[in-house]
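Each chain, written out:
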Amino acid sequence: MSEDFVGVIGDGTEENTELFEHFRIVADKGQALVRVDKFLQNRLENVSRNRVQNAAKAGSILVNDKPVKSNYKVKPLDVVTVVLAYPPREIVITPENIELDVVYEDDDVIVVNKHAGLVVHPGHGNFDGTLLNALAYHFKENGSRVDNGFGYLVHRIDKDTTGLMIVAKNETAQTVLAAQFFEHSITRRYQALVWGDFADDEGTIEGNIGRSMRDRVAMAVYPDGSQGKEAVTHYKVLERFNYVTLVECRLETGRTHQIRAHMQHIGHPLFNDALYGGDRILKGTTFSKYRQFVDNCFNEVPRHCLHAKLLGFVHPTTGKEMCFDSELPADMLTVLEKWRNYLKSRTEENL
């Protein structure tokens, strides 16, 4: 019988794939001298002393824009800011023997190359068969020391998005990595196959992202800033196929469905992205041969074409800069080759 692990993960209700919170507090004019850890515990609801201490160890507590230790004495009008890993909620994780592609692992972090169809953590109808269940099994089988038995999340990627994810093995590492996500010092590069061609080789998409008013499962872009949270995506064209384009996307922020929503917003939904309208022919001819070709491509990659290809960060303990790159998954590679061959055949027909 499998041993269940009872622990906590960040609250997945936030519209953010990065699991951290940021607080800014200005001390009163009459503020008595008090340690910054006690000051934060008194000012922040449901924040344990341990979480505050971890933030101090991680250099995530700043006073007047300078990192301080937990014994710093807060003075009147000090501006105190802190980045904390998301507030925990209790969850039970049963170890499950699920295939896991481990790219790197040490005592503090594990980097995995997530496959399509794997949900990151339980919730919203997915109570098992998740990445955390797989990690719990992996850690148990390998005798890894992980405080809660299954790891600490600092970010997420969608169920049908493939690619690199980092998970912390202890709360201190989680807090350090959360601060890096907040400061946008984490390097992330995605590759996506999207509908349509681009006028420019590079560009930037800006526009708040929040829940869609029409479909509560989907996200929408609010360029006027009336709703949602700030989101910035930089893209670069890698390969053109006339009707579809392979692009690289670099994220400044990590909102839910950010690339998918931003690309739809500029008229380039991801290839075969059913939620954002990319699962039908949006560009090209009406000839039956072309329709059959696109349908064949859809069958080869029955999901949105998005891969988290590159992940770079500063190791939370050693301070060493680390960077990992992963190859595109087989389904995307197959579809790209089909488009190359199709474009080549069309070119030869026109000669």
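Structure shown above.
Caption draft 1: Expanded view of the packing of helix α2 (residues 49-57) against helix α4 (residues 171-182). Viewed as axis vectors pointing N to C, α2 and α4 meet at an angle of 60 degrees, and their least axial separation amounts to 9 Å. Between α2 and α4, the angle is such that the two are oblique. In this structure, the crossing between α2 and α4 has a hand that is right-handed. On α4, the residues touching N50, N54, A55 and K57 of α2 are E171, T172 and T175. Of the residues assigned to the contact of α2 with α4, the class counts are one nonpolar, four polar and two charged.

Caption draft 2: Empty space enclosed by the protein, seen in detail. In the structure shown here, the tally under the stated rule is two cavities of 30 Å³ or more. As for the second largest cavity, its lining consists of H155, L164, R188, R189, Y190, A308, L310 and L311. Only β13 (187-195) and β19 (306-314) provide two or more residues apiece to the lining of the second largest cavity. Taken together, the residues of the lining of the second largest cavity break down into five nonpolar, one polar and two charged.

Caption draft 3: Quick look at the environment of I93. You can see I93 is positioned in strand β8 (residues 88-93). Each C-alpha atom of the pair I93 and E202 lies 43 Å from the other, and the pair is 109 residues apart in sequence.

Caption draft 4: Spotlight on the pattern of salt bridges. Considering all chains together, one arrives at 13 salt bridges under this definition. Taking the shortest distance from any N to any O, the salt bridge between D331 and R303 comes out at 2.9 Å. Of this pair, D331 sits in helix α7 (residues 330-349) while R303 is found in the loop between α6 (288-300) and β19, placing the two residues 28 residues apart along the sequence. The same class applies to D331 and to R303, which are both buried. For E337, the salt bridge is made with R340, and the minimal N-O distance between the two is 3.1 Å.

Caption draft 5: A look at the sheet that holds strand β4 (residues 61-63). The antiparallel open sheet is built from four strands, whose spatial order is β2-β7-β4-β5. Strand pairing shows two members of the sheet lacking a second neighbour, β2 (20-26) and β5 (66-67), which therefore form its edges. In terms of strand pairing, β4 meets β5 through two bridges, oriented antiparallel. In the strand pairing of β5, V63 is matched with K66. Along the sheet, α4 contacts β2 and β7 (79-85); its crossing angle with β7, the most-contacted strand, is approximately 115 degrees.

Caption draft 6: Seen up close, unusual backbone geometry. Of note, the phi angle at N64 is positive, near 55 degrees, even though the residue is not glycine. Following the sequence through the fold, N64 ends up in the loop between β4 and β5. In this structure, L77 takes a positive phi of about 70 degrees despite not being glycine. Along the chain, the position of L77 falls in the loop between β6 (73-74) and β7.

Caption draft 7: Quick peek at the environment of V194. Structurally, V194 can be placed in strand β13. For V194, a relative accessible area of 0% gives the class buried. Residues V194 and K320, 126 residues apart in the sequence, show an inter-C-alpha distance of 35 Å. Look past the residues within four positions of V194 in its chain and what remains in contact with it is V244, T245, V247, M263, H268, P269, L270 and F271.

Criteria and cut-off values
- Residues numbered from 1 in each chain as written.
- Predicted model: local features only at pLDDT ≥ 70, side-chain atom pairs only at ≥ 80, totals over all residues.
- Heavy atoms only, no water.
- Axes fitted to C-alpha atoms, helices over the stretch in contact; angles between N-to-C directions.
- Helix = DSSP H or I, 4+ residues; strand = E, 2+ residues; numbered from the N terminus.
- Parallel < 35°, antiparallel > 145°, perpendicular 65-115°, else oblique.
- Left-handed = near helix turned anticlockwise from the far one by under 90°.
- Contact = heavy atoms within 4.5 Å.
- Nonpolar A, V, L, I, M, F, W, Y, C, P; charged D, E, K, R; others polar.
- 1 Å grid on protein atoms, 1.4 Å probe; cavity = no way out; pocket = protein on both sides within 12 Å on 5 of 7 lines; lining within 4 Å.
- Points joined across faces, edges and corners; volume = space filled by probe spheres on them.
- Salt bridge = Lys/Arg side-chain N within 4 Å of Asp/Glu carboxyl O.
- Buried < 20%, exposed > 50% of the residue type's maximum accessible area, 1.4 Å probe, protein only.
- Pairing = 2+ DSSP bridges.

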